[in-house]
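# A look at the structure
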Amino acid sequence: MGRRVVYVMLTFCGLLAAGLAGWLIISMNATVEAATPMSTVTVQLSGDQGTVRGNYGQTAWSGQSFMQFRGIPYAEAPVKSLRFQAPVDRLPWNGIHDALDFGQRCPVITNLNAQMSDDQLEDCLNLCVYTKNLTARQPVMFYVYGGGYYNGSSEDHPPNYLLERNVVLVVPHYRVGALGWLTTLSKDLPGNAPIADILLALNWVQRHIQQFGGDPTQVTIFGQSAGAGVTSALLLSPRTSENHFQRAIVQSGSIFAPWAITKDPAEQARRICSQLGCQQCEQETELLSCVQGATVLQLLRATQEESFSPVVGDVLGILPEHPQELLNNYQRGVPIMTGFTQHDGSFVLATYYDILLSKVSNVSALSVRQFTQGLMDMAKDTTGLSDHLLYRLLYTPQLLNSHAHSDALPAYFDLTTTIYMKSPVISLATKLHTRQPTTPVYVYSFEYEGQNTRFGYELDNSHYPFNGGVHHSNDNIYLFATHPLQGEDTLMAHHMVDLWTSFAITGVPSGLSPLSTASGPYNSLGLQVTKSENLLETLTATIDDPDNERLQRHNLDF
Ligand SMILES: *[C@@H]1O[C@H](CO)[C@@H](O)[C@H](O)[C@H]1NC(C)=O
Ligand SMILES: *[C@@H]1O[C@H](CO)[C@@H](O)[C@H](O)[C@H]1NC(C)=O
Ligand SMILES: *[C@@H]1O[C@H](CO)[C@@H](O)[C@H](O)[C@H]1NC(C)=O
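Residues numbered from 1 in each chain as written. Chains lettered and ligands numbered in written order. Predicted model: local features only at pLDDT ≥ 70, side-chain atom pairs only at ≥ 80, totals over all residues. Heavy atoms only, no water.

### Examining helix 7 (residues 265-275)
Turning to helix 7, its buried residues number three or more, namely Pro 265, Ala 266, Gln 268, Ala 269, Ile 272 and Cys 273. Taken end-on, helix 7 shows its buried residues confined to a sector of 155 degrees, consistent with a single buried face. Buried residues along helix 7 sit against helix 8 (284-293) and helix 9 (296-302). Looking one or two residues beyond helix 7, the residue adopting positive phi is Gly 277, at roughly 85 degrees. (Buried < 20%, exposed > 50% of the residue type's maximum accessible area, 1.4 Å probe, protein only. Helix = DSSP H or I, 4+ residues; strand = E, 2+ residues; numbered from the N terminus. Arc of directions from axis to C-beta. Contact = heavy atoms within 4.5 Å.)

If you want it as structure tokens, here you go:
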């Protein structure tokens, strides 16, 4: 897969996607198995929707039993003429629907069951509900997974930590890749269908979650990476209201990120149409019948080098204007928690390094300035303004004109992390705070370095002349039971679960301080929480770190 990965990664979304795909594998292999009693439990959905049968799981630390209903269909299969369209409510069913195992995941080229028809493969709009008490009124946590907008599933997010607390967890599937995002911003191919999937799942929660002991007036939406893009888009969207969710957690990314919006989706749709071997891709009707007529496999093969993300101007009215414009009319008093991992961008650095290795035989022959300019060019800022400011902030002229990549490593970390993660998160936080100073906005920097990391994802990371640091997605290691944890790592997981669930339960993440001005304070998360006044100092976290030597691997040339 190496070659393809390098190729895909030439654009950022591909980068993000391939990386995330990697950690998903890790999660699956290491899923903590809970002993489950053989018995089952049924719940009648509201109205005449039907009945679902679930079974039991066990929490990771205190061994409490919880009920799990996995793969409850919430929408009709988005097949044939429904492909690419907004999802429609699942028709009611007779009898009992078994929700005893994870539902079909939305099609990803690496995870296709050759035995299944396209109608079965695309019938993926289902969700999981985890709860300990069907008759209580517990706060609901609604998770939007990442996966670079082209991967992800509920199966990769085991609930066994979060269910230690009295919450109901809901994890919906949404469409990914071309089958979700392909659009010409027209009635036939309206755009943002995957966000419409999430919206329909939120409506489902409003209708049915009481049957599972959930309180529909206390919903926290939370999402990571690509899921952070979707979550922040829904926060600003005129299609949602304060009824859908009352709090939001946006982890590592936001709709303000350079990778969060596809600029010319119609051009991409025509390119995919040609790639499928169709003629007349300029005409809307021909294009539609081409992409709707393609098989799942053809479509996924034709788009292996494409990257997808939300679009502005979709016909569904989800993002009718650029998020910045939507923010100017934002009225909602939704408390927010948002943040990043300390070295959130080191996966971008690692991927860039792989791209360079495939192109130049000797990376050391590049100057620090050449190396850096390549990184900046990926961000596609046409004014050069941010380039100049970042050069000024992170480098000296001597360093820039040298070949001392080891000395420049901390700057490379801060550069990638600032552009791809910290800047979009800080923009979301400070813009929301400035617009609504009385609504709390909690900003965190996740800084815990434990035994596990997602650096390198499922691929080997030993060839990099640096470590991943507090890598992208490392925060989720302590929220979802994907890795067997030991010692202090378990303690950290307790802290993270307390923070996330206390925010969901009370609106206040215990022990954290909200922004009092757009400058700060912010909260550093480790085994202890520490608070600092100046949020922008996180932009130079690595160059300012007296212990940043630990990120070097001196045995390898750089
Ligand atoms: C998508 O994620 C799964 C794990 O959930 C993994 O097996 C698969 O390789 C990933 N697909 C791609 C194309 O990266
Ligand atoms: C479930 O919640 C109800 C309502 O709060 C409570 O009366 C009942 O004791 C709870 N059941 C269990 C098993 O905790
Ligand atoms: C790589 O480039 C550096 C700097 O120009 C040089 O010192 C080194 O000898 C080169 N290594 C190889 C293997 O060519």
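From this point, the discussion proceeds with the structure in view.
### Looking at the state of the cysteines
Any covalent bond linking the sulfur atoms of two cysteines counts as a disulfide. Tallied over the full model, the rule gives three disulfides. Through a disulfide, Cys 106 is tied to Cys 124; the S-S separation comes to 2.1 Å. Disulfide Cys 106-Cys 124: torsion about the S-S bond near 85 degrees, hence right-handed. One end of the pair, Cys 106, is in the loop between strand 4 (96-98) and helix 3 (118-121); the other, Cys 124, is in the loop between helix 3 and strand 5 (126-131), with 18 residues separating them in the sequence. Each sulfur of the disulfide joining Cys 273 and Cys 281 lies 2.0 Å from the other. Given an S-S torsion of about -80 degrees, the disulfide between Cys 273 and Cys 281 has left-handed geometry. Cys 273 gets classed as buried once you look at its relative accessible area, which sits at 0%. Disulfides within the protein link the bonded cysteines, taken in sequence order, as 1-2, 3-5, 4-6. (Disulfide = S-S within 2.5 Å.)

### Some words on the site of ligand 2
Surveying the vicinity of ligand 2 reveals the residues Asn 133, Thr 135 and Ala 136. Measuring from an oxygen atom of ligand 2, one finds a side-chain N or O atom of Asn 133 at 2.4 Å. For ligand 2, whose unbound accessible area comes to 360 Å², protein coverage reaches 26%. (Near = heavy atom within 4 Å. Polar contact = N/O pair within 3.5 Å; in protein donor to acceptor, adjacent residues only side chain to side chain. Areas by Shrake-Rupley, 256 points an atom, 1.4 Å probe, with all protein chains shown as cover.)

### Side note on the nonpolar core
Grouped together as the largest cluster of nonpolar side chains are 167 residues, with contacts concentrated most on Tyr 395 and Trp 500. For this core, the element with the highest residue contribution is helix 15 (residues 405-435), accounting for 14 residues. Apart from the residues lying within four places of it in its own chain, the contact partners of Trp 500 are Met 141, Phe 222, Ile 249, Gln 251, Met 337, Tyr 444, Leu 479 and Leu 525. (Core = buried A, V, L, I, M, F, W, Y, C linked by side-chain atoms within 4.5 Å.)

### Describing empty space enclosed by the protein
Per the counting criterion, the structure on display carries two cavities of 30 Å³ or more. Within this model, the second largest cavity holds a volume of roughly 40 Å³. For the lining of the second largest cavity, the per-class residue count stands at two nonpolar, two polar and three charged. (1 Å grid on protein atoms, 1.4 Å probe; cavity = no way out; pocket = protein on both sides within 12 Å on 5 of 7 lines; lining within 4 Å. Points joined across faces, edges and corners; volume = space filled by probe spheres on them. Nonpolar A, V, L, I, M, F, W, Y, C, P; charged D, E, K, R; others polar.)

### Focus on the environment of Asn 474
In this structure, Asn 474 sits in the loop between strand 11 (441-446) and helix 16 (488-506). The class for Asn 474 is buried, based on a relative accessible area of 4%. In this structure, the C-alpha to C-alpha distance between Asn 474 and Phe 455, residues 19 residues apart in sequence, is 8.6 Å. Residues in contact with Asn 474, not counting those within four places in the same chain, are Phe 446, Asn 452, Thr 453, Arg 454 and Gly 469. Reaching out from Asn 474, the side chain makes a polar contact with the backbone nitrogen of Arg 454 at a distance of 2.9 Å.

### Considerations on the layout of surface pockets
Approximately 1,400 Å³ is the volume attributed to the largest pocket. Lining the largest pocket are 44 residues, and of these Ala 257, Pro 258, Trp 259, Lys 263 and Ala 379 lie nearest its centre. Elements with a minimum of two residues in the lining of the largest pocket: helix 2 (12-30), helix 7, helix 12 (368-379), helix 13 (385-394) and helix 15. The element contributing the most residues to the lining of the largest pocket is helix 15, with eight residues. Here the lining of the largest pocket is composed, by residue class, of 22 nonpolar, 13 polar and nine charged. Each of domain 1 (36-264 + 305-329) and domain 2 (341-551) accounts for three or more of the residues forming the lining of the largest pocket. (Domains from an automatic or database assignment.)

### With respect to the domain arrangement of the protein
Per the domain assignment, the segments of the protein are domain 1 (36-264 + 305-329) and domain 2 (341-551). The gap between the C-alpha centroids of domain 1 and domain 2 is 27 Å. Taken together, the contacts link 36 residues of domain 1 with 38 residues of domain 2. In total, about 3,100 Å² of surface goes out of reach between domain 1 and domain 2, with carbon and sulfur atoms giving 66% of it. Together, Trp 61, Tyr 161 and Arg 165 form the three largest contributors to the area buried by domain 1 at its contact with domain 2, with a combined 20%. Along the contact surface separating domain 1 from domain 2 lie one salt bridge. (Buried area = accessible area lost by both parts, 1.4 Å probe. Salt bridge = Lys/Arg side-chain N within 4 Å of Asp/Glu carboxyl O.)

### So, unusual backbone geometry
The phi angle of most residues is negative, glycine excepted, and most peptide bonds adopt the trans form. Each neighbour pair has its own omega, and for Gly 520 with Pro 521 the value is 0 degrees, a cis peptide bond. With respect to the helices and strands, the residue Pro 521 is situated in the loop between helix 16 and strand 12 (522-525). Positive phi, normally seen in glycine, also occurs at Phe 84, with a value near 75 degrees. Within the element layout of this structure, Phe 84 appears in the loop between strand 3 (65-73) and strand 4. The phi dihedral of Gln 280 falls on the positive side, at around 50 degrees, and the residue is not glycine. Looking at the element boundaries, Gln 280 is found in the loop between helix 7 and helix 8.

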